[in-house]
Amino acid sequence: MAAAAGARGIPGSAAWDPGTYLRFGDERSRPFADLLARVRVVAPRTVVDLGCGEGALTASLAERWPAARITGVDSSPEMLAAAAAHAVPGRVDFVAGDVRTWAPGGPVDLLVSNAVLHWVPGHDRLLGRWAAALAAGGALAVQVAGNFRAPTHALLAELCRSARWGGRLDAVAPVPDAVLDPAGYLDVLTGAGLVPDVWETTYLHVLSGPDPVLGWVRSTVLRPVLALLAATEAAELTADYAAVLRRSYPSRPDGTTVLPFRRIFAVGHRTV
Ligand SMILES: C[S@@+](CC[C@H](N)C(=O)[O-])C[C@H]1O[C@@H](n2cnc3c(N)ncnc32)[C@H](O)[C@@H]1O
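Below or above, wherever it landed, is the structure these notes cover. In this text the structure is predicted, and so the values were computed from the model without any measurement. (Residues numbered from 1 in each chain as written. Predicted model: local features only at pLDDT ≥ 70, side-chain atom pairs only at ≥ 80, totals over all residues.)

A separate point is the overall build of the protein. Of the regular secondary structure elements, the protein holds ten helices and seven strands. Relative to the 2.2 N^0.38 estimate, which gives 19 Å for 272 residues, the radius of gyration of the protein is 19 Å and therefore close to what a compact globule would have. Summarising its shape, the C-alpha atoms of the protein cover approximately 55 × 40 × 35 Å along the three principal directions. At a minimum sequence separation of 6, the contacts of the protein that also span at least 24 residues come to 76%. (Helix = DSSP H or I, 4+ residues; strand = E, 2+ residues; numbered from the N terminus. Rg over C-alpha atoms; globule rule 2.2 N^0.38 Å. Contact = placed C-beta atoms within 7 Å.)

This brings us to the sheet that holds strand E3 (residues 92-96). With respect to topology, seven strands assemble into an open sheet ordered E3-E2-E1-E4-E5-E7-E6, the strand pairing being mixed. Taken across any chain shown, the strands that pair with only one partner, and hence form the sheet edges, are E3 and strand E6 (195-207). Going from strand to strand, the sheet's axes swing by 15° on average, the running direction of each strand aside. Pairing analysis gives three bridges linking strand E1 (residues 46-50) to strand E4 (residues 108-114), with the strands arranged parallel. (Pairing = 2+ DSSP bridges. Axes fitted to C-alpha atoms, helices over the stretch in contact; angles between N-to-C directions.)

In this section: helix H10 (residues 231-248). A rise of 1.5 Å per residue sets the reference length of H10, with its 18 residues, at 26 Å; its end C-alpha atoms lie 26 Å apart and thus fit the reference within 8%. Along H10, the residues classified as buried are Leu237, Tyr241 and Leu245. Considered in projection along H10, the buried side chains sweep an arc of 75° and stay on one side of the axis. Among the exposed residues of H10, those pointing more than 90 degrees away from its buried face are Thr232, Ala235, Ala239, Ala243 and Arg247. Residues of H10 that are buried make contact with helix H6 (151-160) and helix H8 (212-218). (Expected span 1.5 Å × (residues − 1). Buried ≥ 20, exposed ≤ 12 C-beta atoms within 10 Å, placed from the backbone. Arc of directions from axis to C-beta.)

A word on the environment of His118. Secondary-structure assignment places His118 in the loop between E4 and helix H5 (123-132). The class of His118 is buried, set by 24 C-beta atoms lying within 10 Å.

Let us now look at the packing of H6 against H10. Direction vectors running N to C along H6 and H10 enclose 140°, while the axes themselves pass 10 Å from each other. In terms of their interaxial angle, H6 and H10 are classed as oblique. Seen from above, H6 lies across H10 with right-handed handedness. Contact residues: H6 offers Pro151, Leu155, Leu156 and Leu159, while H10 offers Leu237, Asp240, Tyr241, Val244, Leu245 and Ser248. (Parallel < 35°, antiparallel > 145°, perpendicular 65-115°, else oblique. Left-handed = near helix turned anticlockwise from the far one by under 90°.)

Next up on the list: the nonpolar core. Residues Leu111, Leu140, Ala141 and Ala266 are the most contacted members of the largest nonpolar core, which totals 52 residues. Among the elements that line this core, the one with the most residues is strand E5 (residues 134-145), at seven residues. Discounting residues that sit within four places of it in the chain, Ala266 has contacts with Val142, Tyr185, Leu189, Pro196 and Val198. In this structure, Ala157, Val172, Val213 and Phe261 belong to the second largest nonpolar core, which totals 18 residues. (Core = buried A, V, L, I, M, F, W, Y, C linked by C-beta atoms within 7 Å.)

In this section: the environment of Thr71. Mapped onto the secondary structure, Thr71 falls in strand E2 (residues 69-74). For Thr71, a count of 19 C-beta atoms within 10 Å puts it in the partly exposed group. Counting along the chain gives 175 residues from Thr71 to Arg246, while the straight-line C-alpha distance between them is 40 Å. The residues contacting Thr71, other than those within four sequence positions of it, are Val48, Asp93 and Val95.

To continue, consider the pairing of E2. Here E1 runs beside E2; their pairing, made up of five bridges, is parallel. Note that in E2 the partner of Asp49 across the bridge is Gly72. Viewed along the sheet, the connection from E1 through helix H3 (residues 56-64) into E2 turns out right-handed. Inspection of the sheet shows E2 paired to E3 by five bridges, in the parallel sense. (Right-handed = clockwise from strand over helix to strand, strands pointing away.)

A word on the environment of Gly25. Tracing the backbone shows Gly25 in helix H2 (residues 25-36). Gly25 sits in the exposed class, given 12 other C-beta atoms within 10 Å.

Glancing now at helix H7 (residues 182-191). Since the α-helix packs 3.6 residues into each turn, any two residues three or four apart lie on the same face. For H7, the set of buried residues is Tyr185, Val188 and Leu189. Down the axis of H7, the sector holding all buried residues measures 95°, keeping them to one side. Next to the buried residues of H7 lie H5, E6 and strand E7 (257-269). Of the residues one or two after H7, Gly193 is the one with positive phi, at around 85°.

Backbone geometry at Ala115 places phi at a positive 65°, although glycine is not the residue there. Positionally, Ala115 belongs in the loop between E4 and H5. For Ala115, a count of 20 C-beta atoms within 10 Å corresponds to the buried category. With a phi close to 45°, Asp211 is a non-glycine residue in the positive phi region. With respect to the helices and strands, the residue Asp211 is situated in the loop between E6 and H8.

Have a look at this one:
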């Protein structure tokens, strides 16, 4: 098993940009569908989406469970502003909150957190708290990126720690232990009294256009790094990063580029 999600991690505080994030909307929504496909709760009354982002996926939960009251929680004002467009009075709402301190007003039937917890160091402990908030028959469904050892992240970490950036970017360099291995999540869910269903998948995303891998990471792992730099410095780091990314993710003869992306899924059902 990998080390527990460490005390350090990539801060989630730099501004999120819903537009950049949605550039790869299809690729990013697939894991959400794959995650929810394993949830067996039939008619939840309360559903909470922790780290809901720009809200489209949260709102899609109302189609599957029309009688549920669905709440999306996020700490990003930019994401919440975009999510407001998906609110449905009395059925889907969005509130500001930090998933690290969030606590429900009462038992929840389904807790979803998709592509969020890799931004939250120590989230294994959080999962125990969330499991305790579940109503009998309820479920917890979590997906985290498992690509912290991939070239996208390792190369950026190397750049951040290089002599050029003189210790300024160490704190935002991606760390390899931001998430647990699947077996770690299985242990956490079992320990919390849930029936676990844990798996991993590596999606092979076929991207097009110039420097598409750079385009992908701009809205995620690169975001907190650039947030610490002046515009000219950000351009310099981005150019260096783009060059090494091109070597690790070469363009194919048809002009596309393959980005392998590992994700880890953990669903837990409370039977009593
Ligand atoms: C990669 S996006 C995923 C959004 C959405 N769940 C989806 O699947 O499209 C990560 C989201 O987590 C939110 N986030 C990160 N850390 C958070 C925290 N501590 N509390 C609340 N939201 C957080 C960010 O603001 C962002 O909207």
